[in-house]
Amino acid sequence: QVQLVESGGGLVQPGESLRLSCAASGTIFGINDMGWHRQAPGKQRELVAIMPTGGRPNYADSVKGRFTMSRDNAKNTVYLQMNSLKPEDTAVYYCKAVRNSMTYWGQGTQVTVSS
């Protein structure tokens, strides 16, 4: 089992920044991909960024150039740096890990962008 705990969400104004963190614990050996998804009210969950172990992150077109995903293997933690936030970035953000074809999700953290 893999446990994921997100943190760092909050309320910000348009143009501001936030950094989300996701700490992994449990059976973390063998995790392949880690990523971030988000779900806005009334919409389906969508991919924001995904990073394979040892690889580079890929981003949704809607966040390219504004969001940066990074991974600290020593801390078993991934981050999502979100800059130039827009109201349409408002959503619950979920961390995801894939291990042995099993997908694990965190509980989510709310990000609200509003003036």
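Look a little higher up for the structure.
The rules behind these values
- Residues numbered from 1 in each chain as written.
- Predicted model: local features only at pLDDT ≥ 70, side-chain atom pairs only at ≥ 80, totals over all residues.
- Heavy atoms only, no water.
- Core = buried A, V, L, I, M, F, W, Y, C linked by side-chain atoms within 4.5 Å.
- Buried < 20%, exposed > 50% of the residue type's maximum accessible area, 1.4 Å probe, protein only.
- Helix = DSSP H or I, 4+ residues; strand = E, 2+ residues; numbered from the N terminus.
- Contact = heavy atoms within 4.5 Å.
- Salt bridge = Lys/Arg side-chain N within 4 Å of Asp/Glu carboxyl O.
- Disulfide = S-S within 2.5 Å.
- Phe/Tyr/Trp six-rings, centres within 6.5 Å; stacked < 30°, edge-to-face > 60°.
- Lys NZ or Arg CZ within 6 Å of the ring centre and 35° of its normal.

Draft legend 1. Broad picture of the nonpolar core. Counting residues in hydrophobic clusters, the biggest one holds 30 residues, and the most contacted among them are L4, M34, W36, M69, L80, M82 and Y93. Put simply, the parts of the chain that give this core at least two residues each are β1 (2-7), β3 (18-26), β4 (31-39), β5 (46-52), β7 (67-72), β8 (77-82), β9 (91-99) and β11 (109-113). Setting aside chain neighbours within four positions, we find Y93 in contact with E6, L20, W36, H37, R38, V48, F67, L80, M82, G108, T109 and V111.

Draft legend 2. Seen up close, the pattern of salt bridges. Tallying each qualifying case throughout the model produces four salt bridges. Among the charged side chains, a salt-bridge network with shared partners connects R38, E46, R66 and D89.

Draft legend 3. Expanded view of the environment of I50. Turning to its location among the elements, I50 is positioned in strand β5. In this structure the C-alpha to C-alpha distance between I50 and H37, which are 13 residues apart in sequence, comes to 8.6 Å. In this view, I50 contacts D33, M34, G35, R56, P57, N58, M69 and K96; residues no more than four positions away in its chain are not counted.

Draft legend 4. Region of the structure containing the state of the cysteines. Counted according to the given criterion, the structure contains one disulfide. Residue pairing for C22: its cysteine sulfur links by disulfide to C95, the two sulfurs lying 2.1 Å apart. As the torsion about the S-S bond is roughly -80°, the C22-C95 disulfide counts as left-handed. Residue C22 is located in strand β3, and its partner C95 is located in strand β9; the two are separated by 73 residues in the primary sequence. Owing to a relative accessible area of 0%, C22 belongs among the buried residues under this scheme.

Draft legend 5. Here's a closer look at the packing of aromatic side chains. Under the criterion given, the structure shown has one aromatic pair. Residues Y94 and W105 carry aromatic rings whose centres are separated by 6.4 Å and whose planes lie at 90° to one another, so their mutual orientation is edge-to-face. Here Y94 is found in strand β9, whereas its partner W105 is found in strand β10 (residues 102-105), with eleven residues between them in sequence. Just above the ring of Y94 sits the side chain of R45; from NZ or CZ to the centre is 3.7 Å.

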